[in-house]
Protein chains: 2
Amino acid sequence: MNEHISLAHGNGGRLMRQLIDELFTPLLYHDPQQAQLDAAPLALPAGEVMISTDAFTVKPLEFPGGNIGSLAIHGTVNDLAVSGATPHSLSLNAIIEEGLPIEQLRRLIEAMAIAAQHSGVRIVCGDTKVVARGEGSGLYLATTGIGVRPAGLALGMGQIQAGDKILVSGPVGDHGTAVMLAREAFGLRGDLQSDAASVLPLTQALLGMDGLRFMRDPTRGGLATVMHEIALTTGLDIGLQEEAIPIRPAVRSVCEILGYEPLYLACEGRVVAVVAAEQAEAALMAWQGLPDGEQAAMIGEVREGQGMVVMQTPLGGERLLAELEQEPLPRIC
Amino acid sequence: MNEHISLAHGNGGRLMRQLIDELFTPLLYHDPQQAQLDAAPLALPAGEVMISTDAFTVKPLEFPGGNIGSLAIHGTVNDLAVSGATPHSLSLNAIIEEGLPIEQLRRLIEAMAIAAQHSGVRIVCGDTKVVARGEGSGLYLATTGIGVRPAGLALGMGQIQAGDKILVSGPVGDHGTAVMLAREAFGLRGDLQSDAASVLPLTQALLGMDGLRFMRDPTRGGLATVMHEIALTTGLDIGLQEEAIPIRPAVRSVCEILGYEPLYLACEGRVVAVVAAEQAEAALMAWQGLPDGEQAAMIGEVREGQGMVVMQTPLGGERLLAELEQEPLPRIC
């Protein structure tokens, strides 16, 4: 195999077959025969079948705490998880730029394989395309996930009511900050890692509670954007307590230096949950008992209102949290 | 809305929400509520659930007979169709390059909507990402399709036997040639159109026949590559009759001028079928009765052998058809 991806790796011929047979299939497929099929059979357990999809364009391809490969698995696993589903199978698309080192591609595929195994999902079909140098950014990935959830599960923004409490499973902004530092030559160094991970243990810890209204993973646009989506969709106000929102000191420092707001920065391993007030403490304790939920916090509540997101400052003041407008952040996804 | 896509259309904030709410959701979603969900429910009919995926990187984005939008729908619909499934739902990923005119994006989304409606599939979830100028090629799409086929359908390369006949549903190389002409400044003009279309009517016409062994749509790598995949997988020889393979005179002329071999050029609306000898005539007639199958032909047969693809020339000679090697063609997908 050549040392870099060439256009011939995408032409449908021998080199493409080799790339798939030697790299993608052995690392990713449980059943190598499936890689030959136009379409793969899915033997799904009983329940409501759920589908979700996500494209991944993170730059750089590798960053502290993860890479585009693990992210592409966790991202779609997490979208299924917050919908209440158990992820089952994934499809994978890889758009590879001519010139990508094949060893780097191997590392990224290995990370996918580990993340898939860890999340309990199988990659059941895939496609690779090669684009010319200067028409990509090394590698773009897209995954579509199929999962199954209990039939009749009442979970969604429509379930949210005034009085409900808002929980977050851990510190926000880690992923956005880690990628930003890995990407830009700011001259800032630190041990900041992306939080990229499967949130399945977190979502499954809450699924038995009948007071659970809604879950979402605050990725692109961050915690603030999830709050705005809830406020816009329900017409209710969100009241957040500024000092209750967990943010790592290192994230806060970097954001202060660079003038960013951590609430708009992406997480890739956190969950926001809206829970009925009477079960909020129990939900919080369930999360705090998990390795990825130790720093979970109750950060606010839902109130009658006009679809605003209000931030309550430690001194008792209030300010409106604006919706993300023009690009205030480096592109990190 | 601005006239061109900007990075802010991908940041998760207001402009991204507008782009999705004003362009993608109204054109593509039957149920606008679904566009808000992390994961969408799939209510599938009974049968074996099949999944297939494909990424689309065609350049130019619009070409005679189609565009990347219609192609992204038909491509995945066709992969499900040749597996014997009836396509049901699609996920859609769009990786948009900064600077893409929004009116062009609208045309491409409209083409997707028409192709989806025509193919009887619903787009049930999607994701958009915006990449910086110079890190894309206008628009890349990826679709994953879910379909359902009768349980226990015996269809696949493993069913192929010596003595089976090989059929193609129409002229080969139209798509590859049309895109090549639209892409390159060869100074060649013509009325050549891509064959891009749903092949569902063609596959469904054969599904009742118990002599049907295998179907595939000869896309990237063309007819020759499908023949090689069969030969390599089964260890049987493929004997093709050169003069029986339908190729439009215009495709033949362009390929002669440019030195390309039409058998390696992509089709996007054709099917290759392998059928038991005793049902081959019936299958051919079933296709020839369809609007997209009028020029269907029986082009060869499967023989005991050593996994070779042998071309029989009109004068009675034989030559081996080589597997596609280095890039002999402009990248068209």
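Residues numbered from 1 in each chain as written. Chains lettered and ligands numbered in written order. Predicted model: local features only at pLDDT ≥ 70, side-chain atom pairs only at ≥ 80, totals over all residues. Heavy atoms only, no water.

A. Quick look at the domain arrangement of chain A. Residues and elements named next belong to chain A. Looking at the assigned domains, one finds that chain A contains domain 1 (7-149) and domain 2 (157-320). Using C-alpha coordinates to define each centre, domain 1 is positioned 28 Å away from domain 2. Contact residues are listed per partner, giving 19 residues for domain 1 and 21 residues for domain 2. Of the roughly 1700 Å² buried where domain 1 meets domain 2, counting both sides, 62% is carbon and sulfur surface. By the criterion of area lost to domain 2, the three top residues of domain 1 are Pro64, Asn78 and Val82, representing 32% of everything that side buries. (Domains from an automatic or database assignment. Contact = heavy atoms within 4.5 Å. Buried area = accessible area lost by both parts, 1.4 Å probe.)

B. The arrangement of the pattern of salt bridges in detail. The final tally for this structure, using the stated rule, is 34 salt bridges over all chains. Arg17 of chain A serves as the salt-bridge partner of Asp21 of chain A, at 3.9 Å between the closest nitrogen and oxygen. Of this pair, Asp21 of chain A and Arg17 of chain A both sit in helix α1 (residues 14-28), separated by four residues, roughly a single helical turn. Taking the relative accessible area as the measure of exposure, Arg17 of chain A reaches 26% and is therefore partly exposed. Between Lys59 of chain B and Glu135 of chain A there is a salt bridge, with the nearest N and O atoms lying 2.3 Å from each other. Placement of Lys59 of chain B in the loop between β2 (48-56) and β3 (62-63) and of Glu135 of chain A in the loop between β6 (122-131) and β7 (139-149) is noted, with the two residues assigned to different chains. Overall, the relative accessible area of 12% leaves Glu135 of chain A in the buried class. Put simply, Asp54 and Arg220 of chain A together with Asp127 and Lys129 of chain B are held in one network by salt bridges that share partners. (Salt bridge = Lys/Arg side-chain N within 4 Å of Asp/Glu carboxyl O. Helix = DSSP H or I, 4+ residues; strand = E, 2+ residues; numbered from the N terminus. Buried < 20%, exposed > 50% of the residue type's maximum accessible area, 1.4 Å probe, protein only.)

C. View of the sheet that holds strand β12 (residues 297-303) of chain B. All names here are of chain B. The strand order across the open sheet built from seven strands is β9-β11-β8-β12-β10-β13-β14, with neighbouring strands paired in mixed fashion. Among the strands making up the open sheet, the edge pair consists of β9 (212-216) and β14 (318-320). In this sheet, adjacent strand axes meet at a mean angle of 25° when their direction is disregarded. As judged from the three bridges shared by strand β13 (residues 309-312) and β14, these two strands associate in the antiparallel manner. Residue pairing in the sheet places Met311 in a bridge with Arg319 of β14. (Pairing = 2+ DSSP bridges. Axes fitted to C-alpha atoms, helices over the stretch in contact; angles between N-to-C directions.)

D. Molecular detail of the relation of the copies chain B and chain A. Under the fitted operation, chain B is carried onto chain A by 0.0 Å of movement along the axis and a turn of 180°, and the coordinates agree to an RMSD of 0.0 Å. With respect to symmetry, the two chain copies, as superposed, fit the operation of a two-fold axis. Taken together, the interface assignments show that 100% of the residues at the interface of chain B recur at the interface of chain A, consistent with an identical surface on both copies. (Least-squares fit on C-alpha atoms with pLDDT ≥ 70 in both.)

E. The arrangement of the packing of aromatic side chains in detail. Under the criterion given, the structure shown has zero aromatic pairs over all chains. Of note, Lys129 of chain A hangs over the ring of Phe56 of chain B, and the distance from its end group to the ring centre comes to 5.9 Å. (Phe/Tyr/Trp six-rings, centres within 6.5 Å; stacked < 30°, edge-to-face > 60°. Lys NZ or Arg CZ within 6 Å of the ring centre and 35° of its normal.)

F. Structural detail: the interface of chain B and chain A. If you look at the interface, chain B gives 69 residues, while chain A gives 69 residues. With both chains or domains summed, chain B and chain A bury close to 5700 Å², and 50% of this area falls on carbon and sulfur atoms. When the buried area of chain B at its contact with chain A is split by residue, Asp38, Ile51 and Arg220 of chain B rank highest and sum to 14% of it. Where chain B meets chain A, there are eight salt bridges.

G. Here's a closer look at the sheet that holds β2 of chain B. Strands sit in the order β1(A)-β2(B)-β7(B)-β5(B)-β6(B) across an open sheet of five strands; the sheet is mixed. The open sheet has two free edges, formed respectively by β1 (40-42) of chain A together with β6 (122-131) of chain B, since each of these has just one partner strand. In this sheet, neighbouring strand axes are inclined to one another by 20° on average, regardless of whether the strands run parallel or antiparallel. Note that β1 of chain A and β2 of chain B share three bridges and pair antiparallel.

H. Here's a closer look at the environment of Thr233 of chain B. Structurally, Thr233 of chain B is set in helix α6 (residues 222-234). As for Thr233 of chain B and Gly158 of chain B, which are separated by 75 residues in sequence, their C-alpha atoms are 8.2 Å apart.

I. Examining the side chain of Ser137 of chain B more closely. With respect to the element layout, Ser137 of chain B can be found in the loop between β6 and β7 (139-149). For Ser137 of chain B, the residues in contact, after removing those within four places along its chain, are Glu135 of chain A together with Lys59, Leu61 and Glu97 of chain B.

J. Inspection of the environment of Ala276 of chain A at higher detail. Residue and element names in this part refer to chain A. Positionally, Ala276 belongs in the loop between β11 (272-275) and α8 (277-288). Sequence-wise, Ala276 and Leu202 are 74 residues apart; in three dimensions their C-alpha atoms are separated by 17 Å. Ignoring anything within four residues of it in the chain, the contact list for Ala276 reads Asp164, Gly211 and Arg213.

K. Up close: the packing of helix α2 (residues 68-82) of chain A against helix α3 (residues 102-119) of chain A. Residues and elements named next belong to chain A. At a minimum axis separation of 6 Å, α2 and α3 run at an interaxial angle of 30°. When the interaxial angle is binned, α2 and α3 end up roughly parallel. In the packing of α2 onto α3, the handedness of the crossing is right-handed. Listed contacts from α3 to Ile68, Gly69, Ser70, Ile73, His74 and Val77 of α2 are Leu108, Ala111, Met112, Ala115, Ala116 and Ser119. Grouping the amino acids of the contact of α2 with α3 by side-chain chemistry returns eight nonpolar, four polar and no charged. (Parallel < 35°, antiparallel > 145°, perpendicular 65-115°, else oblique. Left-handed = near helix turned anticlockwise from the far one by under 90°. Nonpolar A, V, L, I, M, F, W, Y, C, P; charged D, E, K, R; others polar.)

L. Fine view of the environment of Ala297 of chain B. Residue and element names in this part refer to chain B. One can find Ala297 in strand β12. For Ala297, a relative accessible area of 12% corresponds to the buried category. Taking the C-alpha atoms as reference points, Ala297 and Val77, 220 residues apart in sequence, are found 23 Å from one another. With residues near it in sequence (within four places) discarded, Ala297 still touches Ile166, Leu167, Val168, Ala244, Pro246 and Leu284.

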